[in-house]
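The lines below spell out each chain.
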Amino acid sequence: MLDMHPEVARRRFPCIEQRRPVLHPRLRTQRLAPISDWARSLHRQYVIAAARSRHLPLPARERLAIEAIRASRLIAYTGGTTLIEQYGVTPKLLELEIAAALHVPYVLLPQSLGPFTSGLTRRRMRRVVDRAAVALVRDETSRQHLDDIGCSMENVRVIPDVVFTLAETDAAKRLRESERPVTGFRVVISARPLGQFGSADGATQARYNAAIRRLVIVLIERFGAKVTFLSTCQGLPGYWADDSQIACQIVEDLPPSVQQSVSVDRRMYEAGELQRRYAEYDLAVCTRLHAAILAVNAGTPVLPIAYEFKTHGVMGDQLGLSEFVCDISNISEEGLVSSAERLLGDYGAVTTRLASRLEDVVAEARQVGPLVAGALARMPAVGP
């Protein structure tokens, strides 16, 4: 398995071989940017040629990486939200381009991607998608981004995030039977640092923090809630993000009278364990998309905060929560509190609708396996 943080992934999954991608050079300097772009392009073409011929010289690490691709029966690109230009797309395509050159089948598993503005990125993405056995995206916007660059749409399908397959068997039943408690109201919040999603001067992060703080105050003073901060990316030494840090900052700035009703759980939980924790709450306020999915999987309604279009597609379009999604670009104290008040005021209708949508989404997410198997079966056989 290739991962950008293999040392962290190796600690969590020691039974799986974890390696960092080594095939694309990182030649990034301001002074030599044009040369670096040219060098990366030349290197990419050379590596693909070397993969085909086996006779062109390559460093041992790169040759081993190519041979691992050659020996693979199937390559699965799991994504998430990696193929968007602000994260850098082109270094991530080389393994798939080599697989195509070696006639090794590959699939793009459900993910959000695009838009693509660079001419080179558009051409490379088009070739990668067109040669895939199947390209699965988890929202309609991503499908449109592929259509916009001229991809053949025959093997592109919109399929919900595979995390929905982890849904508890009684999640829909729990949602249908949910009533907002008069006392003992429990709220969990997944907050996160905004980084590249906010303004350079930190103004968006400040507005976001203020909105979360105001929401916490309203939930406690008006609805008698107990609030816990608990997210998906936390408690893992060496990982690039720790959401509990921003949670602690938000809590530190709350009035003392409110702080006694707030806690921050800084532990790291496995996905199933975290999902069961989310089942203990009556409402989840989630900025992390997978935190939102795990909460719904557990039978807990969600107030989503969108920092990328994927949240609108998954929580809005697929789960019917569009009217409650708060976008990070215009988040405000009044807007977030208003969304929460409307959701809580119509709590029973929201949870009933969410239950029906969840059943449909889970059933669709479980089609990933059959879709991949069917696509592979239709691919022409290739000799050694």
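As a reminder, the structure under discussion sits directly above these lines.
These notes cover the structure that comes with them. (Residues numbered from 1 in each chain as written. Predicted model: local features only at pLDDT ≥ 70, side-chain atom pairs only at ≥ 80, totals over all residues. Heavy atoms only, no water.)

1. Regarding the overall build of the protein
Note the cut-off: Numbering of helices and strands runs from the N terminus; a helix is a DSSP stretch of H or I covering at least four residues, while a strand is a stretch of E covering at least two. Summary of the burial criterion: residues with accessible area below 20% of their type's maximum are buried, those above 50% are exposed, and those between are partly exposed, where the area comes from a 1.4 Å probe applied to protein chains only. Only the protein chains shown count as cover for residues, and all accessible areas are computed by the Shrake-Rupley method using a 1.4 Å probe.
If you tally the helices and strands in the protein, you get 16 helices and 10 strands. Going through the 384 residues of the protein one by one, you find that 51% of them count as buried. Summed over all atoms, the accessible surface of the protein reaches about 17,900 Å², with 53% contributed by carbon and sulfur.

2. Some details on unusual backbone geometry
Cis geometry is found at the peptide bond from Gly114 to Pro115, where omega equals 0°. By the secondary structure assignment, Pro115 is in the loop between β2 (106-111) and α5 (119-131). With a phi angle near 70°, Arg54 is a residue other than glycine that sits in the positive phi range. Note that Arg54 resides in the loop between α2 (33-53) and α3 (60-70). A positive phi angle, near 60°, is found at His103, a position not held by glycine.

3. A word on helix α11 (residues 271-278)
Structurally, the α-helix is built with 3.6 residues per turn, so residues lying three or four positions apart point the same way. Put simply, the rule reads: This arc is built from the directions going out from the helix axis to the C-beta atoms.
Along α11, the positions that sit buried rather than exposed are Leu274, Gln275, Arg277 and Tyr278. Down the axis of α11, the smallest arc covering the buried residues is 160°, so these residues share one side.

4. Some words on helix α16 (residues 368-378)
Put simply, the rule is: Residue contacts follow a heavy-atom distance rule, with two residues in contact if any of their heavy atoms lie within 4.5 Å.
Of all the positions in α16, only Val368, Leu371, Val372 and Ala375 are classed as buried. All buried residues of α16 project into a common sector of 95° when viewed along the axis, lining one side. Looking at the buried side of α16, the elements it contacts are β2, β3 (134-137), β4 (156-158) and α15 (347-365).

5. Observations concerning the nonpolar core
Definition in use: Put simply, a nonpolar core is a bunch of buried Ala, Val, Leu, Ile, Met, Phe, Trp, Tyr and Cys residues held in one set by side-chain atoms that sit within 4.5 Å of each other.
In terms of nonpolar packing, the biggest core is built from 75 residues, with Val216 and Phe229 touching the most fellow members. Looking at this core element by element, the count peaks at 10 residues for helix α8 (residues 203-223). Each residue touching Phe229, except ones within four places of it in the same chain, is listed here: Ile189, Ala191, Ile212, Val216, Ala247, Ile250, Val251, Val262, Ser263, Val264 and Asp265. In terms of nonpolar packing, the next biggest core, distinct from the first, is built from 36 residues, Val47, Ala51, Ala99 and Ile149 among them.

6. As for the sheet that holds strand β1 (residues 75-77)
For the record, the criterion: One bridge is not enough; two strands pair if DSSP finds at least two bridges between them. The axes are straight lines fitted to the C-alpha atoms, using for helices just the contacting stretch, and the angles between their N-to-C directions are given from 0 to 180°.
Pairing is parallel across the open sheet formed by four strands, whose spatial order is β1-β2-β3-β4. Two strands lie at the open edges of the sheet, namely β1 and β4, each paired on one side alone. Between one strand axis and the next, the sheet turns through 20° on average, direction left out of account. Across the sheet, helix α4 (residues 94-101) is in contact with β1 and β2; its angle to β2 comes to roughly 145°.

7. Overview of the sheet that holds strand β5 (residues 186-190)
Within the open sheet, the six strands sit side by side as β7-β6-β5-β8-β9-β10. Their pairing is parallel. In the strand order of this sheet, the two ends are held by β7 (262-264) and β10 (326-327), each with one partner. Where strand β9 (residues 302-306) meets β10, two bridges bridge the pair, whose relative direction is parallel. Paired with Ala306 across the strands is Asp327, a residue of β10.

8. Topic: the side chain of Arg44
Relative to the helices and strands, Arg44 resides in helix α2. Taking relative accessible area as the criterion, Arg44 reaches 9% and is therefore assigned buried. If we ignore the near neighbours within four places in the chain, the residues touching Arg44 are Leu94, Glu97, Leu120, Arg124 and Arg127.

9. As for a positive patch on the surface
Applied cut-off: Only residues whose relative accessible area exceeds 30% and that form no salt bridge enter a patch; like-charged residues are grouped when within 9 Å of one another, and nonpolar side chains (Val, Leu, Ile, Met, Phe, Trp, Tyr) when within 5 Å. Salt bridge, as applied in this entry: a Lys or Arg side-chain nitrogen positioned within 4 Å of an Asp or Glu carboxyl oxygen. The sign given to each residue is positive for Lys and Arg and negative for Asp and Glu; His and the chain ends receive no count. Charged side chains are reduced to one point each, which is NZ for Lys, CZ for Arg, CG for Asp and CD for Glu.
Together, Arg52, Arg123, Arg127 and Arg131 give the surface a local cluster of positive charge. Residue contributions to the positive patch peak at three residues, all from α5. Judged by its relative accessible area of 54%, Arg52 is exposed.

10. A look at the pairing of β5
Across the five residues that make up β5, a large majority, four, are buried. Note that β5 and strand β6 (residues 226-229) share four bridges and pair parallel. Opposite Val188, over in β6, you have Thr228 as the bridge partner.

11. Here's the deal with the pattern of salt bridges
Pairing is possible between side chains that carry opposite charge, provided their charged atoms lie close to one another. Taken as a whole, this structure holds 18 salt bridges when the rule is applied. The salt bridge partner of Asp282 is Arg186, with a shortest N-O separation of 3.2 Å. With Asp282 in the loop between α11 and β8 (283-286) and Arg186 in strand β5, this residue pair connects regions lying 96 residues apart in the sequence. For Arg186, a relative accessible area of 36% puts it in the partly exposed group. One salt bridge in this structure joins Arg277 and Asp265, with 2.7 Å as the shortest N-O distance. Of this pair, Arg277 sits in helix α11 while Asp265 is found in the loop between β7 and α11, placing the two residues 12 residues apart along the sequence.

As far as function goes, none of this settles anything; it's purely spatial.
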